[in-house]
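Examining the three-dimensional arrangement
Residues per chain are reported as follows:
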Amino acid sequence: MIQIEPEPWAAMIAHARKTYPNECCGAMLGSADDGTKLVRVAMPLENAFAGAQAARYELRPEDLLAADKAARERKMDLIGIYHSHPDCDAYFSTTDLKNSCPWYSFVVLSIQKGEFHHANSWLPNFEQTEAAKEELIY
Amino acid sequence: MAKVLIPTPLRQFTGKQDAVSAPGTTVGEVLTALTSQYPDLKKQIFTDEGKLRSFVNVYLNDEDIRYLSKDATAAKEADTISLVPSIAGGSTVTAPPETAELTKDEILRYSRHLIIPEVGVEGQQKLKAAKVLLVGAGGLGAPLGLYLAAAGIGKIGIVDFDVVDFTNLQRQVIHSTNDVGRKKIDSAAEKMVGINPNLKIVKHETALSSENALDILKDYDLVVDGTDNFPTRYLVNDACVLLGKPNVYGSIFRFEGQATIFAYEGGPCYRCLYPEPPPPGLVPSCAEGGVLGILPGTVGLIQATETVKLILGIGEPLVGRLLLYDALGMRFRELKLRKNPECPVCGEHPTITKLIDYHQFCGVPNPNAAAPAQETKVNEGEIEVTEVKAMLDRGDKFVLIDVREPHEYQICKIPAAKLIPLGEVPRRLHELDKDADIVIHCKSGMRSAKACGILKQAGFQHVRNMKGGILAWSDRVDPSVPKY
């Protein structure tokens, strides 16, 4: 289960609406204890995908490294990645899966016509062939 | 010795430590030492073959070791090693649609779509703006054409150059009895526009070829493959991969069907599944093997469903999964398909970067190439149906063998013929006299040609293939023999 506090949740939605119709992406920092993850800070990161960003995103490893560093400095952990799907459901696409990592929760925000519609959290497997849905509370 | 920062999710394998120091003079040595100290960590970072997992990047301080000396990068006491996953993704639906306003009539027509939240006005506008290419207006193309027209797709291109035949009517429900002899493309277009006059149809009355495929496909958002032969299937696949367009695939045989989406970004293509075509003749077509008439309806509508889902961007597309349908058992199964990194067309180092000669690739003659004057010429080892009739009438001494299957023999037969199905020929050779005059026939002349080859190889001296099979017999000798 992953729970996102109101403040980071609002920040994620604002970020996704701002980048619409392009995809946004960012890191989620917080704590993870005994199967319960709590997101306390959302850290917007730059979508570094070189082509059209309406249906693609890419995180720079340097940015992720910086997010991890920021988490350590605040005595928090990097526990997940979020990105948006503009005008598209919050499923974990093949592209998402192929470029994922089993270590983190992947929260997908469906933004329809510029407004938040729904969201899901996913846990990809090692082989990057499947992602299980994770309970998401916000 | 260097310090390795442990990402949060991996700390369960390091006794909750967020950083671990491990011995070694290079990054590779440090990581090896670390994973032998914490064996559970190994699976997280390395594959079974001992390679770094594809999503793991290793940083020494602030630098990716790929740009330093990789594993051999020197690691000192004060250095920090970080494991950073590479992460990307995206919804990757076809390009964002142009907006197409709905008229009052359209709002009424599509009302049952508009009141589904997942479709709504916006979804219906996506359908209206969508451009879909149907390759083939036959068994799969029939339900596809009818339902995609009804669903409100704005523009549908059809590639077909065939003519409606009586044998099509058992399954190709887009054509009616009155259409026999008409071009399929005209018959199909008429029905589709009849269902939905808003639909714009583009007729491509041609055989899809390496010369025209890219030019035809480039104007569409996605391609639906309703073809029945391997050369066109590989052609459609390669063209879709080269153009980056999803290929909604379906195939049918007797009671079984398959469907999936190929060439979807990040997903496998037809060549990942079948790098090479089957040997010519091994997999029978509908004309050779038969097909339950309803089957293309089921499979075509699975393709139509996936097409509409892709356009709407809803649900889970049938990507990386091959759906198998068994009508007799009435069961659906799913096989996982993986993208092959070595795939010659969609892999990491593609060797096929333009369209090739697909008939040559599949080892079959190109039916559209200028045909040699086969109709009039009798090749060596062949005999005309009229000559066989004359031999029978004269009472010549010869053996006529029918190598079709028993259920075909029940449909129609030449009474004088002895039935030995092709598959039984090799072990029933002893029933035949090596010196006898032998004529072999089947339905159209293909299987009998194979049988002639088998007999000749076994030392039979006088073996001839009845040209055109029992179909030609019906045309030119005895019209009371039904054709099938």
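Section: the overall build of chain A
Each helix and strand in chain A was counted, giving 3 helices and 9 strands. In sequence order, the secondary structure elements of chain A are arranged as β-α-β-β-β-α-β-α-β-β-β-β. At a minimum sequence separation of 6, the contacts of chain A that also span at least 24 residues come to 61%.

What to know about unusual backbone geometry
A cis amide bond links A:Tyr20 with the next residue in sequence, A:Pro21, at an omega value of 5°. Tracing the backbone through its elements, the reader meets A:Pro21 in the loop between α1 (6–19) and β2 (25–33). The backbone phi angle of B:Lys16 is positive, close to 65°, even though this residue is not glycine.

Structural notes on the interface of chain B and chain A
Listed by partner, the interface residues are 32 residues for chain B and 36 residues for chain A. Those elements that provide at least two residues to the side of chain B that touches chain A are β3 (56–60), β5 (80–85) and β6 (88–89) of chain B. Looking at the side of chain B that touches chain A element by element, the count peaks at 3 residues for β5(B). Tallied by class, the residues present in the side of chain B that touches chain A amount to 14 nonpolar, 13 polar and 5 charged. As paired strands, strand β4 (residues 57–58) of chain A and β6(B) are joined by 2 bridges and run antiparallel to one another. Paired with A:Glu58 across the two strands is B:Ala88, which belongs to β6(B).

Details of the pairing of strand β19 (residues 462–466) of chain B
All names here are of chain B. Burial analysis of β19 places 4 of its 5 residues in the buried class, which makes it a mostly covered element. Pairing between strand β15 (residues 382–383) and β19: 2 bridges, direction parallel. Within β19, the residue paired with glutamate 382 across the bridge is asparagine 465. Of the strand pairs in this sheet, strand β18 (residues 437–441) and β19 are connected by 4 bridges, and their pairing is parallel. Its bridge partner being in β19, valine 439 is matched across the sheet by arginine 464. At this point the chain moves from β18, through helix α16 (residues 446–457), to the parallel β19, and the crossover so formed is right-handed.

Points about the sheet that holds β18(B)
Judged by pairing direction, the sheet is parallel, and its 5 strands sit side by side in the order β15-β19-β18-β16-β17 (chain B) without closing on themselves. In this open sheet, the two strands that pair with only one neighbour each are β15 and β17 (418–419) of chain B.

Here we look at the sheet that holds strand β1 (residues 2–5) of chain B
Strand order across the open sheet formed by 5 strands is β2-β1-β5-β3-β4 (chain B), with mixed pairing between neighbours. Only two strands of the sheet have a single neighbouring strand rather than two, namely β2 (19–22) and β4 (63–64) of chain B. Two elements, β3(B) and β5(B), share 5 bridges in a ladder whose sense is antiparallel. Following the sheet pairing, B:Leu60 is matched in β5(B) by B:Ile81. Each of β3, β4 and β5 of chain B touches helix α2 (residues 61–73) of chain A; the most contacted strand, β5(B), lies at about 115° to it. Running over the sheet, helix α1 (residues 27–37) of chain B touches β1, β2, β3 and β5 of chain B and is turned about 110° from β2(B).

Focus: the packing of helix α5 (residues 120–129) of chain B against helix α12 (residues 295–312) of chain B
All names here are of chain B. One can describe the packing of α5 onto α12 by two numbers: an axis separation of 9 Å at closest approach and a directional angle of 110°. The pairing of α5 with α12 is recorded here as roughly perpendicular in orientation. Relative to α12, the crossing made by α5 is right-handed. Of α12, the residues touching α5 (which contributes Gly123, Lys126 and Leu127) are Val308, Ile311 and Leu312. Per-class residue counts for the contact of α5 with α12 are 4 nonpolar, 1 polar and 1 charged.

Points about the environment of B:Tyr234
Residue and element names in this part refer to chain B. Looking at the secondary structure, you find tyrosine 234 in helix α9 (residues 230–243). Tyrosine 234 sits in the buried class, given 25 other C-beta atoms within 10 Å. Sequence separation between tyrosine 234 and cysteine 362 is 128 residues; the distance between their C-alpha atoms is 8.9 Å. Excluding residues within four positions of it along the chain, tyrosine 234 makes contact with Tyr270, Pro277, Tyr358, Phe361 and Cys362.

Quick look at the pairing of strand β8 (residues 155–159) of chain B
All names here are of chain B. In this structure, strand β7 (residues 131–135) lies alongside β8, joined through 5 bridges in parallel fashion. Bridge assignment links lysine 131 to a residue of β8, and that residue is lysine 155. As for the winding sense of the linkage, the β-α-β connection from β7 through helix α6 (residues 141–151) to β8 is right-handed. With respect to chirality, the unit in which β8 leads through helix α7 (residues 184–195) into the neighbouring parallel strand β9 (residues 200–204) is right-handed.

Describing the packing of α6(B) against α7(B)
Residues and elements named next belong to chain B. Relative orientation of the contacting elements α6 and α7 amounts to 30°, with a least axis distance of 8 Å. With respect to α7, the element α6 is oriented roughly parallel. Between α6 and α7 lies a crossing whose hand is right-handed. Across the interface between the two elements, Gly141, Gly145, Leu146, Ala149 and Ala150 of α6 pack against Ala188, Lys191, Met192 and Ile195 of α7. Per-class residue counts for the contact of α6 with α7 are 6 nonpolar, 2 polar and 1 charged.

Observations regarding α9(B)
All names here are of chain B. The first and last C-alpha atoms of α9 sit 20 Å apart over 14 residues, in line with the 20 Å expected at 1.5 Å per residue. Of all 14 residues in α9, 13 are buried, a share of seventy percent or more. One or two positions beyond α9, positive phi appears at glycine 244, with a value near 70°.

Looking at the confidence of the model for chain B
Residues and elements named next belong to chain B. Residues of chain B with pLDDT of at least 70 account for 96%, and the chain-wide mean is 90. Low pLDDT, under 50, characterises residues 371–376; the stretch is placed with 0 contacts to residues that sit more than four places away or in other chains. Confidence estimates for the predicted assembly give a pTM of 0.57 and an ipTM of 0.81.

Reading guide: rules and limits
- Residues numbered from 1 in each chain as written.
- Chains lettered and ligands numbered in written order.
- Predicted model: local features only at pLDDT ≥ 70, side-chain atom pairs only at ≥ 80, totals over all residues.
- Helix = DSSP H or I, 4+ residues; strand = E, 2+ residues; numbered from the N terminus.
- Contact = placed C-beta atoms within 7 Å.
- Nonpolar A, V, L, I, M, F, W, Y, C, P; charged D, E, K, R; others polar.
- Pairing = 2+ DSSP bridges.
- Buried ≥ 20, exposed ≤ 12 C-beta atoms within 10 Å, placed from the backbone.
- Right-handed = clockwise from strand over helix to strand, strands pointing away.
- Axes fitted to C-alpha atoms, helices over the stretch in contact; angles between N-to-C directions.
- Parallel < 35°, antiparallel > 145°, perpendicular 65-115°, else oblique.
- Left-handed = near helix turned anticlockwise from the far one by under 90°.
- Expected span 1.5 Å × (residues − 1).
- pLDDT = per-residue confidence, 0-100.

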